[in-house]
Amino acid sequence: MTDADRREDLLRYLRRGWEALLWKLDGLSEYDVRRPLTPTGTNLLGLVKHVALTTSGYFGAVLGRPDAVEWSDDEVNADMWAKPGESRELILDAYARAVADAEAALTELPLDHPAHVSWWAEPDVTLHRIAVHMAVELHRHCGHADILRELVDGAAGMVPDATNVPGDLDWPGYVARLQAEADAHR
């Protein structure tokens, strides 16, 4: 496998994740993209904001490049929710800029380009390691978004044209079977 093949693999997985995460907002109201759905406040627009900021940082300053998104906020966990005055459009614009910059970094720089992540135990790595880390991080958050979107309106799956969810399953019956199995272990 050549470096060009590795680069295309990384870009393909990152692009799938970036697309999937955005799809989770499609058709939802401002309320539904902002409302906290877990005890820790996880929400769809907050996940997009978080991914925008981490993508910008890892493909920016960590690689010795400027961040595509400038955002300063000293509040703990401020990257996980849309604060007053932060519109969906503002966050989606930041996300688009961060994604475009990440794609540019992966296209223009060699995979062995040095990177420095000061908060990692072994801080000196390469663009390749950053891209792998970000693909894993991104898809972890896509999993969170999958569950949140299903809780909001039942929409499930990876992307609209390839949901990877069986369409002909009797979901209420299936869930009842799972519940009965769980109940047997009370």
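Just above sits the structure.
The sections below set out a description of the structure shown in this document.

A word on the overall build of the chain. The helix and strand inventory of the chain stands at six helices and two strands. Going residue by residue from the N terminus, the α and β elements of the chain occur as α-α-α-α-β-β-α-α. Seen through its C-alpha atoms, the chain measures out along the principal axes to roughly 55 × 45 × 35 Å. Counting every position in the chain, which comprises 186 residues, the buried fraction comes to 40%. In the chain, once contacts between residues fewer than 6 apart in sequence are set aside, the share between residues at least 24 apart is 69%. Charged side chains of the chain number 18 positive and 32 negative; the gap between the two group centres comes to 2 Å.

For the rest of this paragraph, the subject is the nonpolar core. Counting residues in each nonpolar core, the largest one holds 48 residues, and the members touching the most others are Leu14, Leu21, Phe59, Leu63, Tyr95, Leu106 and Ile130. If you list the elements that add at least two residues to this core, you get α1 (3–23), α3 (44–59), α4 (88–108) and α5 (127–153). If you tally residues by element for this core, the top one is α5, at 10 residues.

Below, the discussion takes up the packing of α1 against α4. Two elements in contact, α1 and α4, have axes whose closest approach is 11 Å; the angle formed by their N-to-C orientations is 175°. When the axes of α1 and α4 are compared, the pair comes out roughly antiparallel. Within the contact between the two elements, α1 uses Arg7, Leu10, Leu11, Leu14, Arg15, Gly17, Trp18, Leu21 and Leu22 and α4 uses Leu92, Tyr95, Val99, Ala102, Glu103, Leu106 and Thr107.

Scanning all chains against the criterion turns up three aromatic pairs. Ring centres of tyrosine 58 and tryptophan 119 lie 5.8 Å apart, and the angle between their planes is 70°; this geometry places the pair in the edge-to-face category. Residue tyrosine 58 is found in helix α3, and its partner tryptophan 119 is found in the loop between β1 (114–116) and β2 (124–126); the two are separated by 61 residues along the sequence. Taking relative accessible area as the criterion, tyrosine 58 reaches 10% and is therefore assigned buried. Ring centres of tryptophan 171 and tyrosine 174 lie 5.5 Å apart, and the angle between their planes is 90°; this geometry places the pair in the edge-to-face category. Taken together, the positions of tryptophan 171 and tyrosine 174, both in helix α6 (residues 171–183) and three residues apart, correspond to about one turn of that helix.

Glancing now at the environment of asparagine 164. Locating asparagine 164 in the fold gives a position in the loop between α5 and α6. Looking at asparagine 164, the relative accessible area reads 63%, which means it is exposed. Apart from residues lying up to four places away in sequence, asparagine 164 is in contact with Gly157 and Met158.

Before going further, it helps to examine unusual backbone geometry. Positive phi, normally seen in glycine, also occurs at asparagine 77, with a value near 70°. Here asparagine 77 shows up in the loop between α3 and α4.

So, on to the packing of α3 against α5. Across the interface, α3 lies against α5 with an axial gap of 10 Å and an inter-helix angle of 180°. Taken together, the axes of α3 and α5 are roughly antiparallel relative to one another. Together, Leu44, Leu47, His50, Val51, Thr54, Thr55, Tyr58 and Phe59 of α3 and Leu127, Ile130, Ala131, His133, Met134, Glu137, Leu138, His141, His144, Ala145, Leu148 and Arg149 of α5 make up the contact between the two elements. Grouping the amino acids of the contact of α3 with α5 by side-chain chemistry returns 12 nonpolar, six polar and two charged.

With that settled, the discussion passes to α1. Its 21 residues give α1 an end-to-end C-alpha distance of 30 Å, which sits within 8% of 30 Å, the value for a rise of 1.5 Å per residue. All buried positions along α1 are accounted for by Arg7, Leu10, Leu11, Leu14, Gly17, Trp18, Ala20, Leu21 and Trp23. Those residues of α1 that are buried lie in contact with α3, α4 and α5.

With that settled, consider the side chain of threonine 55. By the element assignment, threonine 55 lies in helix α3. The exposure class assigned to threonine 55 is buried, which follows from its relative accessible area of 2%. Of the polar contacts made by the side chain of threonine 55, one reaches the backbone oxygen of valine 51; its length is 2.7 Å.

About the criteria used
Residues numbered from 1 in each chain as written. Predicted model: local features only at pLDDT ≥ 70, side-chain atom pairs only at ≥ 80, totals over all residues. Heavy atoms only, no water. Helix = DSSP H or I, 4+ residues; strand = E, 2+ residues; numbered from the N terminus. Buried < 20%, exposed > 50% of the residue type's maximum accessible area, 1.4 Å probe, protein only. Contact = heavy atoms within 4.5 Å. Lys, Arg positive; Asp, Glu negative; His and termini not counted. Charge placed at Lys NZ, Arg CZ, Asp CG, Glu CD. Core = buried A, V, L, I, M, F, W, Y, C linked by side-chain atoms within 4.5 Å. Axes fitted to C-alpha atoms, helices over the stretch in contact; angles between N-to-C directions. Parallel < 35°, antiparallel > 145°, perpendicular 65-115°, else oblique. Phe/Tyr/Trp six-rings, centres within 6.5 Å; stacked < 30°, edge-to-face > 60°. Nonpolar A, V, L, I, M, F, W, Y, C, P; charged D, E, K, R; others polar. Expected span 1.5 Å × (residues − 1). Polar contact = N/O pair within 3.5 Å; in protein donor to acceptor, adjacent residues only side chain to side chain.

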